[in-house]
Amino acid sequence: MKNAFAIAFAAISPFCWCHADAQTSNKPEAVAPYAATLTIVVDAMLKLADVGPADFVVDLGSGDGRIVIAAATKYNARRGLGVDIEPRLVKFANDSAAQAGVADRVAFREEDLYKTDVSEATVVTVYLLPRAMPPLERKLLAELKPGARVVVQDYPFPNWRAERVVELKTPDKVTAAGLPYAQLYLYKVPAKP
């Protein structure tokens, strides 16, 4: 019994260490602590965006990489990119992509999300704090092509009107917004005037 616990702890301890450290980021550019998105929420976000084989999915603040990896493995996205400012999470995500067999289509970079080139993305996913949303809204509207889809969890953009809002019950976890459900907002980039 003692050996089984030791093996289980050794298997998960790098994962826990990586995540705990990321949550205490003191980087001034940090716009959200690391919070793992539940699998049911990941699936709902990717379904809401209607991700498929023609899509290039970018996750801004990608954490452990689960959204981009799911886009490639489960929804067959042609490409994926995740950016995060925490090097340990970026390494973990790249290792996870290799283990999932999608490292040829998916990459993760340590990068400030406001400096990330999203112009080729067809889908962007976001789970950041409210203070991040006004400048990110301006960036995405300026850089993305008309028709690109953006799915945001819990904190909507201040001015951009959502095409659709979905509430997803998550009774096993209270979301970062303090609610027993996740709110997902789907936005589509309008045609340029």
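Since this is a predicted model, take the numbers as computed values, not measurements.

S.K.: Sorry if this is basic, but what is going on with the pairing of strand E3 (residues 106-110) here?
M.R.: Side chains on a regular strand alternate between the two faces of the sheet. Sheet topology note: the strand E2 (residues 79-84)/E3 ladder contains five bridges and is parallel. Paired with Asp84 across the bridge in E3 is Glu110. You can see the chain leave E2, run along helix H4 (residues 87-99) and come back into E3, and the turn it takes is right-handed.

S.K.: What am I meant to see in the nonpolar core here?
M.R.: Soluble, globular proteins show a tendency: their nonpolar side chains are buried together. Core analysis: the largest hydrophobic core is formed by 26 residues, its most contacted members being Leu60, Val124, Leu140, Leu144, Val150 and Phe157. When contributions to this core are tallied by element, the ones reaching two or more residues are strand E1 (56-60), E2, strand E4 (123-126), helix H5 (133-143), strand E5 (149-153) and strand E7 (181-188). What Leu60 contacts, discounting residues up to four positions off in sequence, is Val83, Leu113, Thr116, Val118, Val124, Thr125, Val126, Tyr127, Leu128, Leu136 and Leu140. Core analysis: the second largest hydrophobic core is formed by 20 residues, Ala49, Val151, Leu168 and Leu186 among them.

Thresholds applied
Residues numbered from 1 in each chain as written. Predicted model: local features only at pLDDT ≥ 70, side-chain atom pairs only at ≥ 80, totals over all residues. Heavy atoms only, no water. Pairing = 2+ DSSP bridges. Helix = DSSP H or I, 4+ residues; strand = E, 2+ residues; numbered from the N terminus. Right-handed = clockwise from strand over helix to strand, strands pointing away. Core = buried A, V, L, I, M, F, W, Y, C linked by side-chain atoms within 4.5 Å. Buried < 20%, exposed > 50% of the residue type's maximum accessible area, 1.4 Å probe, protein only. Contact = heavy atoms within 4.5 Å.

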